[in-house]
Amino acid sequence: MAEPAHGLGGLKYDPSKKARPQELNVFIAFLIIVAAFEVLGRLIIGESFLFNTREGTTGLFNTQRLSIIILQVATVGIIAIGVTQVIITGGIDLSSGSVVGATAMVAMSFAQTALVNGNPNPKAIFGDWAMDLPILIPILVGLTCGLIAGLINGALIAYTKIPPFIATLGMMVSARGFARWWSTGNPISFPTESYNAIGSGMRPVFIFIALAVLFHLIMTYTKYGKHSYAIGSNEQATRMSGINVDRHKVLVYVIAAMLASIAAIVVSSKGQTAQANMGVMYELDAIAMAVIGGISLQGGRGSIIGTVIGALIFGVIISGFTFLKLDAYYQEMVKGAIIVGAVVLDQWRQKSRGARA
């Protein structure tokens, strides 16, 4: 007797062809990398990567190393949350690192304390009117910097139709030049205690996690998220459905730039200084985190959860190489290889889906 068919057109559901969630694949890769460093640590230097094996230590896990892993990627991870949204719409943002530098310089100018060891602040940018201001002032000033940069990026891309690569490349160069012009290349230091508190301890991690949860919910359950995926999947069809694609693109780039500004406030607070070269290469690391997290550079696919796992993979690689006492340039070589491998895997995955369709 013939086996009955189910579904539209007599098609039968085949459970074996059901794909695993991309985030699960990335998480498995994360566990494999952690396990590899654990094995290498025991073989090469006779120590454990994750566990406490030395005498006199308490607790099962090496909590100090675990804290360092996530702390060192939290700032760039905040940027990666915004970059993920840009790439989902089919765009790219090369300006986020320079926006970090420009925002850090401007925000720190309004976060300075009037006295340093009882003497006037030697790094003061403005007069007394800009000293010891409420913490809300430098935060709002910093977010305004991101707002302006995002509006310029988004407007250029949406209304002049120039490629996102060119528009954000121009912003990358301009914002870096602005950061150097702001104080003629001199660092800005001595912030207030309330500003210092933003980046102290594990607070950057808490900010990163809070923003990741917030934007995961937004991308999953709101029209903003649904429209972002729709634009990345098929922009012309999205326009025909009545969605204002140009306005939405501007909003996406504004959000990405403002997240870069939040990262700038965190990193300048943590270092208690602002320098014009802050954020160099941050944009590439953020893009790499998103790519490793399973996002498609062609748009329409990816998730905040995947990007967070991609950030953790970055942290494990950096901490793992330091743990094995290998030179820092190996980290860059391996990160480059992982990025290329992730893109190749994405291309192969898309071809496989096309063949099944």
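Residues numbered from 1 in each chain as written. Predicted model: local features only at pLDDT ≥ 70, side-chain atom pairs only at ≥ 80, totals over all residues. Heavy atoms only, no water.

Undergrad: When you look at the overall build of the protein chain in this model, what are you seeing that I'm missing?
TA: From N to C terminus, the protein chain includes 13 helices and four strands. Against the globule reference of 21 Å for 357 residues, the protein chain gives a C-alpha radius of gyration of 23 Å, in line with a compact fold. On the principal axes, the C-alpha backbone points of the protein chain span a range of 95 × 65 × 30 Å. When burial is assessed residue by residue, the protein chain has 46% of its 357 residues classed as buried. Charge centroids of the protein chain, computed over 25 positive and 17 negative side chains, lie 8 Å from each other. (Helix = DSSP H or I, 4+ residues; strand = E, 2+ residues; numbered from the N terminus. Rg over C-alpha atoms; globule rule 2.2 N^0.38 Å. Buried < 20%, exposed > 50% of the residue type's maximum accessible area, 1.4 Å probe, protein only. Lys, Arg positive; Asp, Glu negative; His and termini not counted. Charge placed at Lys NZ, Arg CZ, Asp CG, Glu CD.)

Undergrad: What is the right way to read the environment of threonine 220 from this model?
TA: Residue position: threonine 220 is located in helix 7 (residues 203-221). Between the alpha carbons of threonine 220 and glutamine 72 there is a distance of 27 Å; along the sequence they are 148 residues apart.

Undergrad: Looking at this model, I keep getting lost on a nonpolar patch on the surface. Mind explaining?
TA: Where nonpolar side chains cluster on the molecular surface, the patch consists of Leu24, Phe27, Ile28, Leu31 and Ile32 and spans about 410 Å² of accessible area. Examined against the element boundaries, isoleucine 28 turns out to sit in helix 1 (residues 22-44). For isoleucine 28, a relative accessible area of 30% gives the class partly exposed. (Patch = residues over 30% accessible without salt bridge, like charges linked within 9 Å, V, L, I, M, F, W, Y side chains within 5 Å. Areas by Shrake-Rupley, 256 points an atom, 1.4 Å probe, with all protein chains shown as cover. Salt bridge = Lys/Arg side-chain N within 4 Å of Asp/Glu carboxyl O.)

Undergrad: Could you clarify how one ought to interpret the pattern of salt bridges in this entry?
TA: A side chain of one charge can pair with a side chain of the opposite charge if their charged atoms are brought near each other. One pass over the full model with this rule turns up five salt bridges. With a shortest N-O distance of 3.0 Å, lysine 161 and aspartate 246 are connected by a salt bridge. Taken together, the residues lysine 161 in the loop between helix 4 (136-159) and helix 5 (164-182) and aspartate 246 in helix 10 (residues 245-271) connect sequence positions 85 residues apart. Take aspartate 246: its relative accessible area is 13%, and that puts it in the buried class. Between glutamate 235 and lysine 249 there is a salt bridge, with the nearest N and O atoms lying 3.0 Å from each other. Within this pair, whereas glutamate 235 is found in helix 9 (residues 235-240), its partner lysine 249 is found in helix 10, the two being separated by 14 residues in sequence.

Undergrad: Is there a simple way to think about the side chain of threonine 113 in this case?
TA: Mapped onto the fold, threonine 113 is located in the loop between helix 3 (96-109) and strand 1 (115-116). Accessibility expressed as a relative area gives 17% for threonine 113, which makes it buried. A distance of 3.0 Å separates the side chain of threonine 113 from the side chain of aspartate 132, its partner in a polar contact. (Polar contact = N/O pair within 3.5 Å; in protein donor to acceptor, adjacent residues only side chain to side chain.)

Undergrad: Explain the nonpolar core here, please?
TA: Inside soluble globular proteins, nonpolar side chains tend to come together where they are buried. In this structure, Ile81 and Val100 are the most contacted members of the largest nonpolar core, which totals 81 residues. In terms of residues, this core owes the most to one element, helix 2 (residues 63-88), which gives 14 residues. In contact with valine 100, other than residues within four places in its own chain, are Ile79, Ala260, Ala263, Ala264, Val267, Met278, Gly279 and Tyr282. (Core = buried A, V, L, I, M, F, W, Y, C linked by side-chain atoms within 4.5 Å. Contact = heavy atoms within 4.5 Å.)

Undergrad: When you look at the environment of alanine 263 in this model, what are you seeing that I'm missing?
TA: Within the secondary structure, alanine 263 sits in helix 10. The spacing of alanine 263 and glycine 279 is 16 residues in sequence and 9.2 Å in space, taken between C-alpha atoms. Discounting residues that sit within four places of it in the chain, alanine 263 has contacts with Thr75, Ile78, Ile79 and Val100.

Undergrad: Please clarify how the confidence of the model for the protein chain should be interpreted in this entry.
TA: Where the model shows low pLDDT, its predicted coordinates should not be examined in detail. Across the protein chain, the average pLDDT comes to 88, with 90% of residues at 70 or higher. Residue range residues 1-11 is modelled with pLDDT below 50. Its contacts to residues more than four positions away, or to other chains, number five contacts. (pLDDT = per-residue confidence, 0-100.)

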